[in-house]
Structures are given as structure tokens and as C-alpha cells.
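Residues per chain are reported as follows:
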Amino acid sequence: MAKARVKVPKTAKAGDVITIKTLIKHKMESGNRKDKKTGKKIPRHIIDKFTAKYNGEVFFSSDWEGGVSANPYCAFTCKVDKSGDFEFVWHDEKGEEYKATAKITVG
Amino acid sequence: MSKMRIEVIDRRTFMVGAGAAAAALAGLGLPTLANATPEQAMDFIEKLTGGAKPAEGKVKIEMPEIAENGATVPTKVSADSPMTDQDYCKSISIISTKNPYPHICTFHFTPRSGKAWASIRVRMATTQDVYAVAQMSDGKWYITKTTVKVTIGGCGG
């Protein structure tokens, strides 16, 4: 099970552009690596899509390839105007999805 | 500071440890895979833009000049855009010229993003040029590049 961590400011003023930091535990096996002992290729297994929603609206997403480091870190911004929820989804190319949520109070 | 700097060794080789790296150095030839070429990177960019020639400017990429650990290189991209409904940066892609595959990642922005800015950590197989290609909401493409020196095997920078 992949473990996700997100950092979203607890409060902000309307109109603020906030920075959100995310991190998920995942080996991001690129498929280019070979097993040292057997010489066989280690099959590719990566997170290929990350999506961030604010009050249900996708405001940022990212497509990833094997060139993204293991335990992918991704930071980005969002312009907030009202209190609400963030939802973050990491989509694994094997079909699994990992989710994280956060709340923000906008004064 | 050591003068030893290996620039042609595959990142995978050093991932398996110092001993293996030493073996590779001695020419024992651990399995490595062919990396993409700068031409393949340019082909990828051409496919991405649908043949449009990206102009220079508006997009920025920040990477360390020297990356001691090619497995995780901090990378920031941004584009100069007002990020309004009428005028915003739609996407920024990061493209490697010497990794096994040119496309590293693409960020998709919306006016709600507030800024066309993202930070990520990427893998760098070896010393190389890295491109950032941005698409604006008016359909125009912009490009920039940076050079990263990748030092391997704990020799320091």
C-alpha cells in the first residue's frame, strides 16, 4: 500500500495562491532496471497520473513516466477563494488508486 | 573534492551500489540499456507540439548545476503567464536528452492553479541537457533548456 503525505495550509485569505506539497511512497520501477542476480528486466510499475481537485474541480494534474524519481514528490499551487476540500489521487498503471484529502479554511 | 567524475555510466549501474559501480568501472560490464539520444528528444518535442516550432522564452526550468545523486534531482518549472481564464499556461513538459526515455513528465495547469509552477524530483541517467516545453492557452509553444552535470559513485562534486 502506498503511503501518501500532503501539506496544505490550514488557512488562507480569499485570492491567495497557496503552495501544496505532496509525497507518496512508491518505487516507480521504470522497467529499465535489471535484476543483478538473474539478469532479467524488472517489470515496469509506476504511478502514471496524479490529479489534484479543489472543491471537486481538477485544477492541476500531471502525467508521469519512468523518469520521475522513486517516492514521487510533487509541489504545485492553487488559487483559493472559499473554504473547502482538496482531494489528491495517484493512479498506478496497474489500475490501483491512492487518495489523500485535506481541508482549508479561507477567511 | 575529487577529480573522479564518470559521465557515461548508466544510472542503474550506480544504483546497485558502490561495489557494483567499481566493477563496472573495471569494465566488467554490468547490464545497462541504451539511452535515448538528443535526436529522439527533439522528435518527442515535435510530436508533442504537433510540428509547431516552440519559441524561446516565457518558460523556465531550474535544476542544480551539479547533481550528485542522479536518482533524485530537484527540478522546478514555471511559465510567465497571467493565469486568467482568457490567458493561461496549459501545460509544461520536462524532456530528457539522455535518459532511457525522453518524456519525464507533463504538468497540466488551469487558471485555478494561480501560477504555472511545479516542483518535482526526477531521475537523470547521466550529464545532459533537459528541456521544458510549455503550451499556452492561445496554442503557442515555448521552450527552454538547462544542463545538469551528474556525478556518480560518491566522488563528490
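Residues numbered from 1 in each chain as written. Chains lettered and ligands numbered in written order. Predicted model: local features only at pLDDT ≥ 70, side-chain atom pairs only at ≥ 80, totals over all residues. Heavy atoms only, no water.

(A) Summary view of the interface of chain A and chain B. Taken together, the 36 residues of chain A in the interface contact 28 residues of chain B. Counting the surface lost from both chain A and chain B, the interface buries some 2800 Å², and carbon and sulfur atoms represent 54% of this. When the buried surface of chain A facing chain B is broken down by residue, A:Glu65, A:Ser69 and A:Tyr73 rank first, second and third, together holding 19% of it. On inspection of chain A and its partner chain B, the count reaches 2 salt bridges. Notably, a salt bridge pairs A:Glu57 with B:Arg112, separated by 3.5 Å at the nearest N-O pair. Where chain A touches chain B, the interface holds 22 residue pairs in polar contact (both at pLDDT 80 or more). (Contact = heavy atoms within 4.5 Å. Buried area = accessible area lost by both parts, 1.4 Å probe. Salt bridge = Lys/Arg side-chain N within 4 Å of Asp/Glu carboxyl O. Polar contact = N/O pair within 3.5 Å; in protein donor to acceptor, adjacent residues only side chain to side chain.)

(B) Representation of helix H3 (residues 38-49) of chain B. Residue and element names in this part refer to chain B. Helix length check: H3 (12 residues) gives 17 Å between terminal C-alpha atoms against 16 Å at 1.5 Å per residue, within 8%. Here the buried face of H3 lies against strand E5 (89-96), strand E6 (103-109), strand E8 (128-136) and strand E9 (141-150). In the segment just after H3, glycine 50 is the residue with positive phi, at about 65°. (Helix = DSSP H or I, 4+ residues; strand = E, 2+ residues; numbered from the N terminus. Expected span 1.5 Å × (residues − 1).)

(C) Broad picture of the sheet that holds strand E2 (residues 59-62) of chain B. Here 6 strands make up an open sheet; going across it, the order is E1(A)-E3(A)-E6(A)-E7(B)-E4(B)-E2(B) and the pairing antiparallel. Looking at which strands have only one partner, the edges of the open sheet turn out to be strand E1 (4-7) of chain A together with E2 of chain B. Pairwise comparison of adjacent strand axes, ignoring direction, gives a mean angle of 15° for this sheet. Of the pairings in the sheet, the one linking E1(A) to strand E3 (residues 17-24) of chain A comprises 4 bridges and is antiparallel in character. From the neighbouring strand, A:Ala4 faces E3(A), where its bridge partner is A:Ile24. (Pairing = 2+ DSSP bridges. Axes fitted to C-alpha atoms, helices over the stretch in contact; angles between N-to-C directions.)

(D) Representation of the confidence of the model for chain B within the structure. Residue and element names in this part refer to chain B. For chain B, mean pLDDT is 82; residues scoring 70 or higher make up 75% of the total. Confidence over residues 1-32 falls short of pLDDT 50; this stretch has 49 contacts with residues more than four positions distant or in other chains. Across residues 153-157, where pLDDT falls below 50, the model places 9 contacts with residues more than four positions away in sequence or in other chains. (pLDDT = per-residue confidence, 0-100.)

(E) Structural detail: the pairing of E9(B). Residues and elements named next belong to chain B. Pairing of strand E1 (residues 55-56) with E9, which is carried by 2 bridges, proceeds in the parallel orientation. Within E9, the residue paired with alanine 55 across the bridge is tyrosine 142. Two elements, E8 and E9, share 8 bridges in a ladder whose sense is antiparallel. The residue bridging glutamine 128 from the neighbouring strand is valine 148, located in E9. Between the antiparallel neighbours E8 and E9 lie 4 residues, among them glycine 139 with a positive phi of about 90°.

(F) Spotlight on the packing of aromatic side chains. All told, the structure shown has 15 aromatic pairs over all chains when counted by the stated rule. Seen in terms of ring centroids, B:Phe44 and B:Tyr101 are 6.3 Å apart; in terms of plane orientation they differ by 75°. Their pairing is edge-to-face. With a gap of 57 residues between them, B:Phe44 in helix H3 and B:Tyr101 in the loop between E5 and E6 connect regions that are remote in the sequence. Classification of B:Tyr101 by relative accessible area gives partly exposed; the value is 41%. Through a chain of ring-to-ring contacts, three or more aromatic side chains come together here, namely A:Phe50, A:Tyr54, A:Phe59, A:Phe60, A:Trp64, A:Phe76, A:Phe86, A:Phe88, A:Trp90, B:Phe107 and B:Phe109. The side chain of B:Arg121 reaches across the aromatic face of A:Tyr73, ending 4.3 Å from its centre. (Phe/Tyr/Trp six-rings, centres within 6.5 Å; stacked < 30°, edge-to-face > 60°. Buried < 20%, exposed > 50% of the residue type's maximum accessible area, 1.4 Å probe, protein only. Lys NZ or Arg CZ within 6 Å of the ring centre and 35° of its normal.)

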